[in-house]
Amino acid sequence: MQEKWDKRPFIISGPCSAETEQQMIETAIRLAKTGKVDVLRAGIWKPRTKPGMFEGNGIIALPWLLSAKKITGLPTTIEVATAMHVEEAMKFEVDILWIGARTTVNPFSVQELANALRGVKIPVFIKNPINPDIELWSGSIERLQQVGIEQLGMIHRGFSAYGNTEFRNAPMWHLPIEMKRRYPNMPLICDPSHICGDRILLQSIAQKSIDLDFDGLMLESHIDPDNAWSDAKQQVTPDRLMELLNALTWRHGNSSEQEFITALATLREQIDQLDDELITLMGQRMKLSDKIGAYKKDNNITILQTRRWNDILESAFKKGEQLGLSNEFIIRYLDAVHLESIQHQNKVMNT
Ligand code: PEP
Ligand code: MN
């Protein structure tokens, strides 16, 4: 297990749900044949949004997974959400556990799992919570660390929001990137299936995660995706999975090529210099805001001047276009600057 765990890229695949013994075993055999899959996944208990949907077969599906493991030699992983799930998973020799997004949000549930895992030696992957709150994600990691789980990993499966359109769960890449910064030695893998919600999008999201130096992928695969009992639109056949994996370009986290290292160091030097100047300029800009705040206070004028704000945006869009900066970036950047400026003026005016 140890060497597989360290393998890069680390590929987990299998159906969203274990539906029947035959489906489970056939999927496993076909996935093993690709030679690309390290661990077999399957949902045993499914957290579904509405009652009446297929909620997994539960305990009766665990022997199917064990048979699939014995036949193919692939280690297995399942989602656990309660202490009972952990106990049953251990009985059926599941090799890796994962905590689902709907569980990571709930500290009571995560603590229940942590208590059940005290003294157990098993790797655990933790999916991000469904809402974009990385403190909850971190908190779950800490709860498992506290009970002595040493092999921990993270799975990025996107974040749900009202009105998500392009993706089922918005990737918000800056959040997993921040987790990677906090836990540089912890494997971070991407689950394009639940981010995309549609098999058409899988390839580009998988590649994007690799370009961001993720350590592996969890992808749902089913022998007959269109007739899957859950998450039909996002699953792919084992053959399609193999094509998808073959089409990915795996990049190196680093290079020992001297020329490359020197070129990169030079460019980074310049970037650091510019970043430093930008922060200095920002400080100067806020000093001006403070002065304006003082004038507004003396003259009893509101902080927010909508027309002025529109003028600033308009001219920034124009300039940004010439320099190859997207409108989206300009808005996000100026919003942040504006907010900081308002806070400065608020302080001047109300103290
Ligand atoms: C799953 O992996 O099938 C699943 C339910 O995922 P998530 O917890 O990311 O929704
Ligand atoms: Mn699923």
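Residues numbered from 1 in each chain as written. Chains lettered and ligands numbered in written order. Predicted model: local features only at pLDDT ≥ 70, side-chain atom pairs only at ≥ 80, totals over all residues. Heavy atoms only, no water.

**Let's talk about the packing of helix α2 (residues 21-34) against helix α11 (residues 238-246)**
Put simply, the rule is: Only C-alpha atoms enter the line fits that serve as axes; for helices the fit covers just the stretch in contact. Angles between N-to-C directions range over 0 to 180 degrees. Labels follow the DSSP assignment, with helices taken as runs of H or I lasting at least four residues and strands as runs of E lasting at least two, numbered in each case from the N terminus. Comment on the angle field: the value is read as roughly parallel under 35 degrees, roughly antiparallel over 145, roughly perpendicular from 65 to 115, and oblique elsewhere. Handedness of a helix crossing follows the sense of rotation of the near helix relative to the far helix, less than a right angle counterclockwise being left-handed and clockwise being right-handed. Contact criterion: two residues are considered in contact whenever any of their non-hydrogen atoms come within 4.5 Å of each other. Under this grouping Gly is polar, as are all residues other than the nonpolar Ala, Val, Leu, Ile, Met, Phe, Trp, Tyr, Cys and Pro and the charged Asp, Glu, Lys and Arg.
Contact geometry of α2 with α11 gives a least axis separation of 9 Å together with a crossing angle of 25°. By the criterion of interaxial angle, the relationship of α2 to α11 is roughly parallel. Relative to α11, the crossing made by α2 is right-handed. Residue-level contacts link Thr27, Arg30, Leu31 and Thr34 of α2 to Pro238, Asp239, Leu241 and Met242 of α11. The residue inventory of the contact of α2 with α11, partitioned by class, reads 4 nonpolar, 2 polar and 2 charged.

**Concerning the coordination of the manganese ion (ligand 2)**
Quick note on the threshold: In this analysis a donor is any N, O or S atom within 2.8 Å of a metal ion (3.2 Å for sodium, potassium and calcium), and since water is not included, sites may seem incomplete. Note on classification: 1.4 Å probe, protein chains only; a residue is buried when its accessible area is under 20% of the maximum for its type, exposed when over 50%, partly exposed between these limits.
Every protein donor of the manganese ion (ligand 2) is accounted for by Cys16 (SG), His194 (NE2), Glu220 (OE) and Asp231 (OD), and the metal-donor separations fall at 2.0 to 2.4 Å. Within one chain, the residues donating to the manganese ion (ligand 2) are spaced in sequence as C-x177-H-x25-E-x10-D. Of this pair, histidine 194 sits in helix α9 (residues 192-196) while glutamate 220 sits in strand β8 (residues 216-220); the two residues are 26 residues apart in sequence, bridging distant segments of the chain. On the basis of relative accessible area, glutamate 220 is assigned to the buried category, the value being 1%.

**Points about the packing of aromatic side chains**
Just so we agree on the cut-off: Two rings from Phe, Tyr or Trp (for Trp, the six-membered ring) form a pair when their centres sit within 6.5 Å of each other. Planes less than 30 degrees apart are called stacked, planes more than 60 degrees apart edge-to-face, and all others tilted.
Under the definition given, this model contains 4 aromatic pairs. For the pair phenylalanine 10 and phenylalanine 125, a centre-to-centre distance of 6.0 Å together with 25° between the ring planes defines the contact as stacked. A residue pair is termed long-range when its members are at least 10 positions apart, and phenylalanine 10 in strand β1 (residues 10-14) and phenylalanine 125 in strand β5 (residues 124-127) qualify at 115 residues. Where phenylalanine 54 meets tryptophan 229, the ring centres are 5.0 Å apart and the plane angle is 90°; that geometry is what we call edge-to-face. Here phenylalanine 54, found in the loop between β2 (39-41) and α3 (62-72), pairs with tryptophan 229, found in the loop between β8 and α11; they are 175 residues apart in sequence, far enough to count as distant.

**Quick look at the side chain of serine 13**
For serine 13, the position within the fold is in strand β1. Those residues in contact with serine 13 that sit more than four places away from it in its chain are Leu31, Val37, Val39, Leu40, Arg41, Leu219, Glu220, Ser221 and Leu241.

**Re the domain arrangement of the chain**
This is how the line gets drawn: Residue ranges for the domains originate in an automatic or database domain assignment.
For the chain, the assigned domains are domain 1 (2-247) and domain 2 (258-349). In this structure, domain 1 and domain 2 have C-alpha centres spaced 40 Å apart.

**Regarding the site of ligand 1**
The test is simple: We call a residue near a molecule or strand whenever a single non-hydrogen atom of that residue lies within 4 Å of it. For the purposes of these results, a polar contact is taken to be a pair of N or O atoms within 3.5 Å, where, inside protein, one atom must be able to donate a hydrogen and its partner to accept one; residues adjacent in sequence count only when each atom of the pair is a side-chain atom. Computed with the Shrake-Rupley method and a 1.4 Å probe, the accessible areas treat only the protein chains shown as cover for residues.
Taken together, Cys16, Arg41, Lys46, Glu79, Trp98, Gly100, Ala101, Arg102, Lys127, Arg157, His194 and Glu220 make up the full set of residues near ligand 1. One of the backbone nitrogen or oxygen atoms of alanine 101 is found 2.9 Å away from an oxygen atom of ligand 1. Taking histidine 194, its side chain carries an N or O atom lying 3.2 Å from an oxygen atom of ligand 1. Bound to the protein, ligand 1 loses 97% of the 300 Å² it would expose on its own.

**Thoughts on the pattern of salt bridges**
The following threshold applies: By salt bridge we mean one thing: a side-chain nitrogen of Lys or Arg within 4 Å of a carboxyl oxygen of Asp or Glu.
Applying the stated criterion to the full structure yields 16 salt bridges. With its nearest N and O atoms 3.0 Å apart, the salt bridge here joins glutamate 88 to lysine 91. In this pair, glutamate 88 and lysine 91 both sit in helix α4 (residues 83-91), 3 residues apart, roughly one turn of the helix. Residue classification places glutamate 88 among the buried residues on the basis of a relative accessible area of 9%. In this structure lysine 91 comes out as exposed when scored by relative accessible area, which is 52%. The salt bridge involving arginine 251 is made with aspartate 211; its shortest N-O contact spans 2.5 Å.

**Looking at the sheet that holds strand β6 (residues 152-156)**
Strands belonging to one sheet form pairs held by backbone hydrogen bonds; the direction of such a pair is parallel or antiparallel. As a reminder, the rule being used: Between any two strands, pairing holds if DSSP finds at least two bridges.
In spatial order, the strands read β1-β2-β3-β4-β5-β6-β7-β8; together these 8 strands close into a barrel with parallel pairing. Between one strand axis and the next, the sheet turns by 25° as a mean value, whatever way the strands run. Where β6 and strand β7 (residues 188-190) come together, 3 bridges link them in parallel fashion. Note on β7: the bridge partner recorded for isoleucine 155 is isoleucine 189. Running over the sheet, α11 touches β1 and β8 and is turned about 155° from β8.

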